[in-house]
Amino acid sequence: MKATRYFEYGSPDVVKLDYVEKPVPTDNQVLIKVRAASLNALDAYMIRGAWLNRLIFGLRKPRDTRLGCDVAGVVEAVGKNVTQFKPGDEVFGICRGALGEYACTFERALVMKPPNVSFEQAASLPLAGLTALQGIREGKIQPGQKMLINGATGGVGTFAVQIAKSFGAEVTAVCSTRNVDLVRSIGADHVIDYTKEDFTKNDQRYDVIFDNVCNHSFTERRRVLTPKGICVLAGMGGAGVKEGQAIGRIAGNLFTARGLSSFTDQKFAQYMTKMSKDDLILLGDLMQAGKVRPVIEQTYTLNDAPEALRQLDAGHARGKLVITIGEESR
Ligand SMILES: NC(=O)c1ccc[n+]([C@@H]2O[C@H](COP(=O)([O-])OP(=O)(O)OC[C@H]3O[C@@H](n4cnc5c(N)ncnc54)[C@H](OP(=O)(O)O)[C@@H]3O)[C@@H](O)[C@H]2O)c1
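Quick caveat: nothing in here was measured; it's all calculated off a predicted structure. (Residues numbered from 1 in each chain as written. Predicted model: local features only at pLDDT ≥ 70, side-chain atom pairs only at ≥ 80, totals over all residues. Heavy atoms only, no water.)

(A) Here's a closer look at the overall build of the protein chain. The secondary structure content of the protein chain amounts to 10 helices and 15 strands. Expected size for 330 residues packed as a compact globule is a radius of gyration near 20 Å; at 20 Å, the protein chain falls within 12% of this value. Each principal axis of the C-alpha distribution contributes one length, and for the protein chain these read about 55 × 45 × 35 Å. Burial analysis of the protein chain (330 residues in total) assigns 55% to the buried set. Intrachain contacts of the protein chain at a sequence separation of at least 6 include 68% that bridge at least 24 residues. For the protein chain, the accessible surface area stands at approximately 14400 Å², while carbon and sulfur atoms represent 53% of it. Across the protein chain, the centroid of the 42 positively charged side chains sits 4 Å from that of the 36 negatively charged ones. (Helix = DSSP H or I, 4+ residues; strand = E, 2+ residues; numbered from the N terminus. Rg over C-alpha atoms; globule rule 2.2 N^0.38 Å. Buried < 20%, exposed > 50% of the residue type's maximum accessible area, 1.4 Å probe, protein only. Contact = heavy atoms within 4.5 Å. Areas by Shrake-Rupley, 256 points an atom, 1.4 Å probe, with all protein chains shown as cover. Lys, Arg positive; Asp, Glu negative; His and termini not counted. Charge placed at Lys NZ, Arg CZ, Asp CG, Glu CD.)

So, in structure tokens, the structure goes:
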């Protein structure tokens, strides 16, 4: 089968289309005929060989050369212990190696695709949607509260705006000039264009800041939090952030956030996204009900996946970049 692979760390130019053996599911796995996959900042970090990833995925070169974790497709075969899925089911979820014609994953990482949702829409949801939903929960947002989303127009941000609105929050979105209309169209009540205005310098106070970028100091963010406000540290800037900046932001988040949270009523909450079947079902329901509409900037074929990864790596994706894997890629 055809699949996207990377055999060394570097720019997206190291990504190659390759022909590999079709994967075989273990007793607990499901084999999916992939119909669509979407890209995440994580894919860009993996290819670049960010230092944290190297500790886990291979110091000099990647041990696992597969790419892509968000998948939607049709169940082709199931292992003998799989009880929840059968061949022909349309599913979406998380796997290793979504950027290929077939992928295997565990049944706990998959849910049924709502019938009125396309494979492209379903594939855009898993990691970014879970990150947005779980981060909003960390912020303990209540209906009517004010929430600011910094980095509102990437994969995570576009879901965060819509999920926060569905929870009843009054949402302020921070983005660049070209995305102002986009965030309004997905429901943001207020928009701050970061190229013209610094949100930490105005007089507004927020109950929750959902920070996808972490490009302001803790003091600056505390200034615009309410006295018992929560700043959720979701990320450190998306696919385009330089490694040096990322290390600074991660270190700040790890050490300063914890210390500050123990000495003041304002909290800085850090979290890692977890695979949760219940959360994926909830997100699928929100999408089916039209409360969450994935923003897909562009779709590519599998042949063009390296080009899509280059676009992601530039750091200014509008919503999601999706790879459609159909007959034309075979
Ligand atoms: N906590 C977790 O477990 C977890 C899981 C998944 C992802 N994440 C993190 O979440 C973050 C977002 O991921 P993503 O997939 O949404 O990334 P992405 O799709 O690459 O989006 C990045 C967004 O950041 C915006 N941006 C860049 N510079 C900005 C600035 N100075 N101020 C405000 N916005 C700015 C860009 O918007 P413009 O084009 O308008 O500049 C772009 O839309 C990443 O840091 C990622 O690592 C964390």
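(B) Quick look at a nonpolar patch on the surface. The grouping of Trp51, Leu52, Leu55, Ile56, Leu59 and Ile247 at the surface amounts to a nonpolar patch, some 580 Å² of accessible area in total. Per element, the largest residue contribution to the nonpolar patch is four residues, and it comes from helix 2 (residues 51–57). Here isoleucine 56 is to be found in helix 2. (Patch = residues over 30% accessible without salt bridge, like charges linked within 9 Å, V, L, I, M, F, W, Y side chains within 5 Å. Salt bridge = Lys/Arg side-chain N within 4 Å of Asp/Glu carboxyl O.)

(C) Quick look at the site of the ligand. Around the ligand, the surrounding shell holds 27 residues, and the nearest of these are Val156, Ser176, Tyr194, Thr273 and His316. Glycine 155 places a main-chain nitrogen or oxygen 3.0 Å from an oxygen atom of the ligand. In this structure, histidine 316 approaches the ligand through a side-chain N or O atom, which is 2.8 Å from an oxygen atom. In the complex, 89% of the free accessible area of the ligand, which totals 930 Å², lies under the protein chains. Elements that contribute at least two residues to the shell around the ligand include exactly helix 1 (41–48) and helix 5 (155–166). For the shell around the ligand, the class distribution of residues is 11 nonpolar, 16 polar and no charged. (Near = heavy atom within 4 Å. Polar contact = N/O pair within 3.5 Å; in protein donor to acceptor, adjacent residues only side chain to side chain. Nonpolar A, V, L, I, M, F, W, Y, C, P; charged D, E, K, R; others polar.)

(D) Representation of the packing of aromatic side chains. One pass over the structure, following the stated rule, counts two aromatic pairs. Judged by centre distance (4.8 Å) and plane angle (70°), the rings of phenylalanine 218 and phenylalanine 268 are edge-to-face. A residue pair is termed long-range when its members are at least 10 positions apart, and phenylalanine 218 in helix 7 (residues 218–223) and phenylalanine 268 in strand 13 (residues 267–270) qualify at 50 residues. Across this residue pair, the class does not change: phenylalanine 218 and phenylalanine 268 are buried. (Phe/Tyr/Trp six-rings, centres within 6.5 Å; stacked < 30°, edge-to-face > 60°.)

(E) Summary view of the pairing of strand 11 (residues 206–211). The buried count for strand 11 comes to five of six residues, which makes it a mostly enclosed element. By the bridge criterion, five bridges tie strand 11 to strand 12 (residues 225–233) in an arrangement that is parallel. Note that in strand 12 the partner of isoleucine 209 across the bridge is cysteine 231. (Pairing = 2+ DSSP bridges.)

(F) Just the nonpolar core, in detail. In terms of nonpolar packing, the biggest core is built from 51 residues, with Ile136, Met147, Ile149, Val161, Ile163 and Phe210 touching the most fellow members. For this core, the leading source of residues is helix 4 (residues 126–138), giving six residues. With sequence-adjacent residues up to four places away left out, isoleucine 136 is seen in contact with Ile141, Met147, Ala160, Ile163, Ala164, Phe167 and Phe210. If you look at the next biggest cluster of nonpolar residues, it comprises 33 residues, including Val14, Ala44, Leu67 and Leu302. (Core = buried A, V, L, I, M, F, W, Y, C linked by side-chain atoms within 4.5 Å.)

(G) Examining the side chain of arginine 5 more closely. Of note, arginine 5 is situated in strand 1 (residues 2–6). The buried charged residue arginine 5 lacks any salt bridge partner; its closest oppositely charged side chain belongs to aspartate 18, at an N-O distance of 5.5 Å. In this structure the side chain of arginine 5 is engaged in a polar contact, spanning 3.3 Å, whose partner is the side chain of threonine 65. Residue contacts for arginine 5: discarding those within four places in its chain leaves Val14, Val15, Lys16, Asp18, Val20, Thr65 and Arg66.

(H) Just the sheet that holds strand 9 (residues 170–175), in detail. Across the sheet, which stays open at both edges, the six strands sit in the order 10-9-8-11-12-13 with parallel pairing between neighbours. The open sheet has two free edges, formed respectively by strand 10 (190–193) and strand 13, since each of these has just one partner strand. Within the sheet, the average angular offset between the axes of one strand and its neighbour, ignoring direction, is 20°. Docked against the sheet, helix 4 engages strand 8 (146–150), strand 11, strand 12 and strand 13, running at close to 150° with respect to strand 11. (Axes fitted to C-alpha atoms, helices over the stretch in contact; angles between N-to-C directions.)

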